[in-house]
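Structure at a glance
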Amino acid sequence: MMELIIEQWKNLDGSSQFLWSVWRDGKRIGMSRPQSKSEDAEQQGMDWCLKSTGLRPDRVTRL
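Cut-offs used in this document
Residues numbered from 1 in each chain as written. Predicted model: local features only at pLDDT ≥ 70, side-chain atom pairs only at ≥ 80, totals over all residues. Heavy atoms only, no water. Helix = DSSP H or I, 4+ residues; strand = E, 2+ residues; numbered from the N terminus. Rg over C-alpha atoms; globule rule 2.2 N^0.38 Å. Buried < 20%, exposed > 50% of the residue type's maximum accessible area, 1.4 Å probe, protein only. Lys, Arg positive; Asp, Glu negative; His and termini not counted. Charge placed at Lys NZ, Arg CZ, Asp CG, Glu CD. Contact = heavy atoms within 4.5 Å.

Across its full length, the protein chain carries 1 helix and 4 strands. In the protein chain, the succession of helices and strands from N to C terminus is β-β-β-α-β. Expected size for 63 residues packed as a compact globule is a radius of gyration near 11 Å; at 12 Å, the protein chain falls within 12% of this value. Expressed along its principal axes, the backbone C-alpha trace of the protein chain runs to roughly 40 × 20 × 15 Å. Classification of the 63 residues of the protein chain by burial places 29% in the buried group. The protein chain carries 10 positive and 9 negative side-chain charges, and their two centres are separated by 4 Å.

Next comes the structure, spelled out in structure tokens:
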């Protein structure tokens with residue numbers, strides 16, 4: 001199973017950053033640098049999955 005996880009990190013100045021990571025069978029196989037929008041992080045994660053594995057994730061989890 002492959003899962004795309006979108007994490008939100010809140011900064012002290014009130015801004016947020018979003019990062020994606022891709023996990024397959026409990027092991028992380030890819031991760032991003034911070035993005036300013038959750039939608040951008042999710043799209044980049046989806047693109048990475050398709051390019052790197054040829055598959056779409058089975059699940060998307062937003063933390």
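From this point, things continue past the structure.
All right, on to the environment of M46 then. Residue placement: M46 occurs in helix 1 (residues 38–53). The exposure class of M46 is buried, given its relative accessible area of 14%. When the C-alpha positions of M46 and I29 are compared, they lie 13 Å apart, and in sequence the two are 17 residues distant. Non-local contacts of M46, meaning those with residues more than four positions away in its chain, are made with L4, R56, P57 and V60.

These results come straight from atomic positions and should not be treated as a statement about function.
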